[in-house]
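# Examining the three-dimensional arrangement
So the chains spell out like this:
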Amino acid sequence: MLAGHLPKLAPGSGAVSRRRFLIGAAAVGGGLAVGFRVAGAADSPVQAQAPFAHVEMNPFSAYLTITPEGLVVVHSAHLEMGQGSYHGLATLVAEELDADWSQMRADGAWGNTQAYGNLVWGGAIQGTGGSTAIASSFDRYRQAGAAARAMLIAAASSAWKVPKAEITVENGVLSHPSGRRAGFGDVIGAAAAVPIPTDVSLKDPKDWKLIGNPNLPRIDSREKSTGRERFTIDVKLPGMLTAVMIHPPLFGATLKSFDATQAKAVKGVVDVVSTPRGIAVVAENMWAAMKGREAVTAEWDDTKAEKRSTAELAASYRDLASRPGTVARDEGNVEAALSGAAKVLEATFEFPYLAHAALEPLNAVARRTEDGIIEVWGGHQIPDLYQATAAQVAETTPDKVRLHVMKTGGSFGRRAVPDADVIVEAVSVAKALGWRAPVKVQWTREDDMRAGRYRPMYVHALQAGLDAQGRLVAWRNRIVGQSIVTNTPFAGLVKNGIDVTSVEGAATIPYAIPNLRVELTTTENGVPVLWWRAVGSTHTAFAVEAFLDEVAEAAGKDPVAFRLELLSGHPRHAGVLRLAAEKAGWDRPPPEGRFRGVAVAESFSTFVAQIAEVSMEGGRPKVERVVCAVDCGVAVNPDMIRAQMEGGIGFGLGAIMKSQVTLDGGAVQESNFDGYDVLRIDEMPHVEVHVVQSTERPTGVGEPGVPPIGPAVANAVYAATRQRMRVLPFSRAQGV
Amino acid sequence: MVNLTINGTTHAVDADPDMPLLWAIRDLLNLTGTKYGCGIAACGACTVHLDGQPVRSCQTPVSEASGKAVTTIEGVGGQVAEAVQAAWIKLDVPQCGYCQSGQIMSAIGLLAENRRPTDADIDAAMSGNLCRCATYQRIRGAVKEAAKTLGA
């Protein structure tokens, strides 16, 4: 996911207090004015938004559509990949609209940066990542709901000839003391003619019924429990062909030649074409494409390919970590403080490449319509970018590209890929076929695992100094690894030679340490990298929190008490830490045979503390229980917050225990879930989530559950074994 | 041609005998609730029932499925399936939802044979089904919830 470096939100910045606001000045578009689909329109509600980029649109038609049947369809600016963004944005609209929850629907929006631009990223591009959906859209979707409500009331007021103030709205019904009642669908025709209100007010938080409601059923649980949910892999179009790719065997290798004679003889294979990203075997169905692929022979030029092994890369990273890097943060005089310290500790942590391994392997569907429109179905996590890229590949203009935003079977950052890989492939293959058929490019698991875009490998070398009283007086953290954003449209995240996604969580260490330096050495190699759920904090939080545990021990302090002493300037870190400690019973010894570890981390302005309780079985740690406290400001959907903490813990736990991508001679060694091991149900701990009650601006929860679990478990394993877990995954360490 | 009986209906499908049942179901019969995740029976997303037993359809050639009753997520029904799906919805188990058809097929298979599964029984029956969103805690809870419904 994108590094969503949230601006610091001032406490009580007003969004949760009752206030008035002006509706965007660029509001009026004309045509389907207020965003209500008029009665009798034949299109499905999910297609109701205007299809093209440059159509001026009313922000309210952009955010929601009310159908004659009374369904309220929320057009989500943020991709639904499991984290619950559709549910969250529908909650915001329904709250202000006073809709009935059962009438709410949601779909994926695109093509209107003014309406959908990610405000946490500055608003210039639509996208999902950095746990920003609620933070970015908390105001605008509530405003859209409130404006629509005002227009429905105005329409009913005219129809019933009663003052607007006498009309109430509850559970999707407009009513008047005279006994008049109407559903939303009954008045949309008239409501569509009401001038857009220039000024509406939002509810006082004390009047919220849906925001903060822990019992709101998730909007898509039924579809997802009956097999009816549709993903990109499920897209079927008349005449559609399915293609599988043959990617270069090494990163950076290029195609010299290929022979598809045998492949074309395979039953069901239609064609084999070359694209800038590899060879595509196109067939009537997936199985034929896969069989056809086995029959293709290809020659590759690997002159410029990456040929090193991960062991070689790790050795060079360790060497680089022994030398100074570019300074990301510098306070006091760390070298002097280290030389003057009574006790100096040091540790080096190693983090592997990680695959996202979302369960739906990457895919996209493309076709050109008879009128020359390029349509692309996919997990459009950065729609504006994909629209532009698809246009470029198809040699047309972005206004001739129509996206279909599908829900995805996970992403964890993988679908937010600046080079639009699988989208380029789908459009390229359709183009190579002369646009004669719609084409679905479907990666196999092996393709997904081996095509790169990993969480980068990192090495952290840390030193800490304690004075004679056991106070932490010096902290130096040298970080070595690849930049995610260099040479992408997100390169603006590199400031003064520092990719902020490489050092977030390390340079932002919250502990009061008088002499502190964080340095970064950015490496370059041929392995493609990307944001992976929680981005920099996936490694920085581990290094910081595991090493701090070593420091606390050397200082003879309790790990919670030691942290709290150093967190006096960071009340929200301290708040979740205290809450987790209290709920876990930190002041009492753990049960017999159980060992505890703690960690706290902020990521994307959400604060999470976790206490892991571990037992040892046959020399291997088993995480039995995790107590998690989270402060994400206003808790819009408390049960989604719990779900994301549970899931983040499981996702992070699998990674630190078992997952790694390794290279030998540049070739990726893992290809499927037999070699790339992830968490299974028998390894899932019992997770208890405690959500801090807060009136701060809401922040995200998709990623922040991940960072603390690794160090919390590592610290618990140390308590059990006196062995420090400094090389990930744990499965690499001897004896564990 | 191969005859496949899916959800009670027999179809003659034009498939090579070695075509995995998964792709026949999805691409030839357009039943897309059954998902592809790995192709090597390591993730469970493609789980269907063959004569009532959960199997990985990505590793079941159509020749082996022919003549047997195949049930997919679209065709499940009856007391156990209803209890399982109701529990899944009640506990809001799914996140991305991609694995959940397979999870539910495995859970139905478990509860059809064992109405009172222990945690160890659940682990044994469900550990072949990956969930990358790690909804495992709720899966376990939903299996128990369904067991409770069935025992009532």
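Residues numbered from 1 in each chain as written. Chains lettered and ligands numbered in written order. Predicted model: local features only at pLDDT ≥ 70, side-chain atom pairs only at ≥ 80, totals over all residues. Heavy atoms only, no water.

When the charged atoms of two side chains with opposite charge come close together, those side chains can pair. Enumeration over the complete set of coordinates arrives at 65 salt bridges over all chains. With a closest N to O distance of 3.0 Å, Asp14(B) and Lys267(A) form a salt bridge. Of the two residues, Asp14(B) sits in the loop between strand 2 (9–13) and helix 1 (21–28) while Lys267(A) sits in the loop between helix 7 (261–264) and strand 11 (269–275), which places them in two different chains. Among the ionic pairs, Glu688(A) bridges to Arg625(A), the shortest N-O distance being 2.7 Å. Of this pair, Glu688(A) sits in strand 30 (residues 686–691) while Arg625(A) is found in strand 27 (residues 620–631), placing the two residues 63 residues apart along the sequence. Each of the salt bridges in this network shares a partner with another, and the network as a whole consists of Glu80(A), Arg218(A), Asp220(A), Lys224(A), Glu229(A) and Lys407(A). (Salt bridge = Lys/Arg side-chain N within 4 Å of Asp/Glu carboxyl O. Helix = DSSP H or I, 4+ residues; strand = E, 2+ residues; numbered from the N terminus.)

So, on to the domain arrangement of chain B. Residue and element names in this part refer to chain B. What the domain assignment lists for chain B is domain 1 (2–75) and domain 2 (79–151). In this structure, domain 1 and domain 2 have C-alpha centres spaced 21 Å apart. With 16 residues of domain 1 at the contact, the number on the domain 2 side is 13 residues. Counting the surface lost from both domain 1 and domain 2, the interface buries some 1,200 Å², and carbon and sulfur atoms represent 56% of this. Where domain 1 packs against domain 2, one counts 0 salt bridges. On the surface where domain 1 and domain 2 come into contact, there are 7 residue pairs in polar contact (both at pLDDT 80 or more). For the side of domain 1 that touches domain 2, the elements supplying multiple residues, two or more each, are strand 3 (47–50) and strand 4 (53–56). Among the residues forming the side of domain 1 that touches domain 2, the class breakdown is 7 nonpolar, 7 polar and 2 charged. (Domains from an automatic or database assignment. Contact = heavy atoms within 4.5 Å. Buried area = accessible area lost by both parts, 1.4 Å probe. Polar contact = N/O pair within 3.5 Å; in protein donor to acceptor, adjacent residues only side chain to side chain. Nonpolar A, V, L, I, M, F, W, Y, C, P; charged D, E, K, R; others polar.)

The next thing to look at is the domain arrangement of chain A. The figure often quoted for interface size is the accessible area lost as the parts come together. All names here are of chain A. Per the domain assignment, the segments making up chain A are domain 1 (20–224), domain 2 (232–303 + 362–442) and domain 3 (310–354 + 453–732). Here the C-alpha centroids of domain 1 and domain 3 sit 39 Å apart. Contact with domain 1, which involves 23 residues of that partner, is made by 19 residues of domain 3. In total, about 1,500 Å² of surface goes out of reach between domain 1 and domain 3, with carbon and sulfur atoms giving 60% of it. Salt-bridge contacts for arginine 697 lead to aspartate 139; the nearest nitrogen and oxygen are separated by 3.1 Å.

Looking now at the interface of chain A and chain B. Every contact between the two is made by 57 residues of chain A and, on the other side, 49 residues of chain B. Summed over both sides, the interface of chain A with chain B buries roughly 4,600 Å², with 55% coming from carbon and sulfur. The largest share of the area that chain A buries against chain B comes from Trp287(A), Leu359(A) and Ile681(A), three residues that together contribute 18% of it. Counting every contact that joins chain A to chain B gives 9 salt bridges. The partner of Asp16(B) in a salt bridge is Lys291(A), with the nearest N and O atoms 3.6 Å apart. For the pair chain A and chain B, the number of links is 28 residue pairs in polar contact (both at pLDDT 80 or more). The set of elements that each furnish at least two residues to the side of chain A that touches chain B consists of helix 6 (221–224), helix 8 (286–294), helix 13 (445–450), helix 18 (638–658) and strand 30 of chain A. Take the side of chain A that touches chain B: its biggest share by element is 8 residues, from helix 18 of chain A.

Moving on, we come to the nonpolar core. Of all hydrophobic cores here, the largest spans 244 residues; its most connected members are Val429(A), Leu472(A), Trp475(A), Val713(A) and Phe730(A). Counting 48 residues, the second-largest nonpolar core is a separate cluster that includes Leu174(A), Ala182(A), Phe184(A) and Ile196(A). (Core = buried A, V, L, I, M, F, W, Y, C linked by side-chain atoms within 4.5 Å. Buried < 20%, exposed > 50% of the residue type's maximum accessible area, 1.4 Å probe, protein only.)

Okay, the sheet that holds strand 2 of chain B next. Residue and element names in this part refer to chain B. Pairing is mixed across the open sheet formed by 5 strands, whose spatial order is 2-1-5-3-4. Every interior strand has two partners, whereas the edge strands, strand 2 and strand 4, have only one. Each neighbouring strand pair of the sheet contributes to a mean axis angle of 40 degrees, computed without reference to strand direction. Relative to strand 5 (residues 69–71), strand 1 (residues 2–6) runs parallel, the two sharing 2 bridges. Within the sheet, the bridge partner assigned to threonine 5 lies in strand 5 and is alanine 69. Helix 1 rests against strand 1, strand 2, strand 3 and strand 5 of the sheet, and its axis sits at about 80 degrees to strand 1. Sheet contacts for helix 4 (residues 100–113): strand 3, strand 4 and strand 5; angle to strand 3, the most-contacted strand, approximately 40 degrees. (Pairing = 2+ DSSP bridges. Axes fitted to C-alpha atoms, helices over the stretch in contact; angles between N-to-C directions.)

All names here are of chain A. Here serine 537 lies in helix 15 (residues 537–554). With a relative accessible area of 3%, serine 537 lands in the buried category. Ignoring anything within four residues of it in the chain, the contact list for serine 537 reads Glu504, Gly505, Phe542, Glu602, Ser603 and Pro707.

What follows is about the environment of Glu624(A). All names here are of chain A. As for its placement among the helices and strands, glutamate 624 is situated in strand 27. Separated by 333 residues in sequence, glutamate 624 and lysine 291 have C-alpha atoms that sit 44 Å apart. Glutamate 624 has contacts with Arg594, Glu613, Val614, Ser615, Glu617, Pro685 and His686, leaving out every residue within four places of it along the chain.

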